[in-house]
Amino acid sequence: MRVFVTGGSGFIGSAVVPELLGAGHQVLALARSDQSAAALKAAGAEVHRGGLDDAEDLARAAAGTDGVLHLAFNHEDFPDMTRAVETDLRVIEAIGAALEGSDRPFVVTSGTLMLAAVDGVATEQDTPAPSIHRGACDVAALALAERGVRSSVVRLAPTVHGRGDRGFVPQLIGIARRTGVAAYVGEGTNRWPAVHRLDAAHLYRLALESAPAGTALHGAADQGVPFKDIATAIAKGLDLPLKSIPPTEAEAHFGWLGMVATIDNATSSEGTRELLGWKPEQAGLLADLEEGHYF
């Protein structure tokens with residue numbers, strides 16, 4: 001299968017591309033910069049130069065392939081992702097139109113945080129509200145199934161971990177270094193799901209190859225790691241004290257991450273595992289933190 005991949009040089013994408021190539025697929029990967037292009041060529045991928053702002057160009061590239069994995073997202077706008085979501089919607093719609101009626105796979109990236117309002121443990125059957133950040137992208141991608149596209153959505157855990165991680169956990173470590181304490185909010189019982197980037201890469205390949213049209217998939221190997229346990233691992237790794245802070249101080253301590261540090265987002269991936277035979281094999285988040293490379 002010849003696959004068009006956006007975000008192929010990113011933290012997750014740089015694991016997805018070798019996963020695809022190792023399974024015998026050909027990869028055409030989007031690159032915005034010379035550095036990204038060089039990394040993709042070195043990995044064995046063909047390069048398409050461009051960016052997310054030109055949705056029609058991406059649609060033309062997608063039309064000449066057998067399927068699409070869409071991992072790229074403009075995270076630079078976080079935490080106000082309005083513009084990034086609007087751009088993502090245009091890309092999803094344009095690529096979806098290019099694939100319409102072909103039954104070719106189109107795997108789109110979303111997040112389990114879109115389901116944080118679910119009471120208890122979120123499952124693949126839960127649907128995010130379109131008004132919640134990338135929730136609209138999630139809904140739009142799955143709706144393409146009604147137009148003859150084998151669309152699916154991979155909802156990634158907020159913590160996709162492993163060597164080279166630049167996400168929430170490294171930012172929490174940076175805050176701990178700056179403030180001199182590894183903090184959690186209240187009792188710290190709110191839970192974060194997590195997945196190793198190599199397990200996530202394997203899930204993307206399985207989705208490309210066999211996910212039925214209109215399928216939501218959960219990239220969550222750890223169903224829910226208590227935030228206090230994450231803070232405890234950071235305290236140990238930095239040799240800093242562990243501290244509970246009241247909810248009223250979360251924003252002052254964590255900055256914009258304060259709203260994420262209090263979220264309870266326990267997420268099941270049982271449906272995904274049963275449907276695709278996905279079996280996460282890499283270290284869990286706490287074990288990964290214990291290896292020391294984060295510090």
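Heads up: the structure comes first, above all this text.
Fair warning: this is a prediction, and the values are worked out from it, not measured in the lab.

Peer 1: Give me the environment of Gln26: which residues, what numbers.
Peer 2: Note that Gln26 resides in strand β2 (residues 26-31). Judged by relative accessible area, Gln26 falls into the exposed class, the value being 51%. Separated by 241 residues in the primary sequence, Gln26 and Thr267 have C-alpha atoms spaced 32 Å apart. Sequence-distant contacts of Gln26, defined by excluding residues within four places in its chain, comprise Met1, Arg2 and Val3.

Peer 1: Hey, could you go over unusual backbone geometry for me, with residue numbers and the actual values?
Peer 2: Non-glycine residue Asp103 carries a positive phi angle of around 60°. Inspection of the secondary structure puts Asp103 in the loop between α4 (82-99) and β5 (105-111). One non-glycine residue with positive phi stands out, namely Asp239, at about 55°. Structurally, the position occupied by Asp239 is in the loop between α8 (227-238) and β12 (242-245).

Peer 1: Describe in detail the sheet that holds strand β9 (residues 191-196), supporting the description with residues and values.
Peer 2: Ordered in space as β7-β9-β11, the 3 strands form an open sheet in which the pairing is mixed. Across the chains shown, the open sheet's two edge strands, defined by having one partner strand only, are β7 (159-161) and β11 (222-226). Taking the axes of each pair of neighbouring strands and ignoring which way they run, one obtains an average angle of 40° across the sheet. Pairing of β7 with β9 involves 3 bridges; the strand directions are parallel. Looking at β9, one finds that Val160 is bridged to Val195. Its contacts with the sheet put helix α7 (residues 197-210) on β7 and β9, and the angle it makes with β9 is roughly 75°.

Peer 1: How would you explain α4 if you had to name every residue and give the values?
Peer 2: The end-to-end C-alpha separation of α4 is 26 Å, in line with the 26 Å expected for 18 residues at 1.5 Å each. Its buried side turned inward, α4 meets α3 (55-63), β4 (67-70), β5 and α5 (135-143). A positive backbone phi angle near 80° is found at Gly101, which sits one or two residues after α4.

Peer 1: Mind laying out the packing of aromatic side chains, listing which residues take part and the relevant values?
Peer 2: Here the distance between the centres and the angle between the planes together describe a pair of aromatic rings. The full count for this structure, using the stated rule, is 4 aromatic pairs. Ring centres of Phe168 and Trp192 lie 5.8 Å apart, and the angle between their planes is 50°; on these two criteria the pair is classed as tilted. With Phe168 in helix α6 (residues 168-179) and Trp192 in strand β9, the pair connects residues that are 24 residues apart, well separated along the chain. There is no split in this pair, since Phe168 and Trp192 are both buried. With centroids separated by 6.1 Å and ring planes inclined at 85°, the aromatic side chains of Phe227 and Phe254 adopt a geometry described as edge-to-face. On the criterion of sequence distance, the pair formed by Phe227 in helix α8 and Phe254 in helix α9 (residues 250-254) is long-range, its members being 27 residues apart. Here Phe227 falls in the buried class, since its relative accessible area comes to 1%. Through successive ring pairs, a cluster of aromatic residues spans Phe168, Trp192, Phe227, Phe254 and Trp256.

Peer 1: Please set out the pattern of salt bridges residue by residue, giving values where relevant.
Peer 2: Applying the stated rule across the entire model yields 9 salt bridges. With its nearest N and O atoms 2.7 Å apart, the salt bridge here joins Glu19 to Arg205. With Glu19 in helix α1 (residues 13-22) and Arg205 in helix α7, this residue pair connects regions lying 186 residues apart in the sequence. Neither Glu19 nor Arg205 differs from the other in exposure class; each is buried. In this structure, the salt-bridge partner of Arg60 is Asp57, at a minimum N-O distance of 3.9 Å. Residue Arg60 and its partner Asp57 are both found in helix α3; the two are separated by 3 residues, about one turn of the helix.

Peer 1: Go over the pairing of strand β8 (residues 182-185) with me, naming the residues and quoting the values.
Peer 2: The side-chain alternation of β8 yields two buried faces, one formed by Ala182 and Tyr184 and the other by Ala183 and Val185. Bridge analysis of β8 against β12 gives 4 bridges, and the strand direction is parallel. Residue pairing across strands places Val185 opposite Ile245, the latter belonging to β12.

Peer 1: Before we move on, can you summarise the sheet that holds strand β10 (residues 215-219) with the specific residues and values?
Peer 2: Judged by pairing direction, the sheet is parallel, and its 7 strands sit side by side in the order β3-β2-β1-β4-β5-β6-β10 without closing on themselves. On the outer flanks of this sheet lie β3 (46-49) and β10, each paired with one strand and no other. On average, adjacent strands in this sheet sit at an angle of 20° to one another, irrespective of strand direction. Pairing of β5 with strand β6 (residues 150-156) involves 7 bridges; the strand directions are parallel. Paired with Ser110 across the two strands is Arg155, which belongs to β6.

Peer 1: Please give an account of the packing of α6 against α8 that cites residues and values.
Peer 2: Think of two packed helices as two axes; the pair is described by the angle between the axes and how far apart they sit. In the contact formed by α6 and α8, the axes pass within 10 Å of each other and the chain directions differ by 55°. In this view, α6 runs oblique relative to α8, as classed from their interaxial angle. Handedness of the crossing formed by α6 with α8: right-handed. Of the residues in α8, those touching α6 at Leu172, Ile173, Ala176 and Arg177 are Phe227, Ile234 and Leu238. The class makeup of the residues in the contact of α6 with α8 is 6 nonpolar, no polar and 1 charged.

The rules we used
- Residues numbered from 1 in each chain as written.
- Predicted model: local features only at pLDDT ≥ 70, side-chain atom pairs only at ≥ 80, totals over all residues.
- Heavy atoms only, no water.
- Helix = DSSP H or I, 4+ residues; strand = E, 2+ residues; numbered from the N terminus.
- Buried < 20%, exposed > 50% of the residue type's maximum accessible area, 1.4 Å probe, protein only.
- Contact = heavy atoms within 4.5 Å.
- Pairing = 2+ DSSP bridges.
- Axes fitted to C-alpha atoms, helices over the stretch in contact; angles between N-to-C directions.
- Expected span 1.5 Å × (residues − 1).
- Phe/Tyr/Trp six-rings, centres within 6.5 Å; stacked < 30°, edge-to-face > 60°.
- Salt bridge = Lys/Arg side-chain N within 4 Å of Asp/Glu carboxyl O.
- Parallel < 35°, antiparallel > 145°, perpendicular 65-115°, else oblique.
- Left-handed = near helix turned anticlockwise from the far one by under 90°.
- Nonpolar A, V, L, I, M, F, W, Y, C, P; charged D, E, K, R; others polar.

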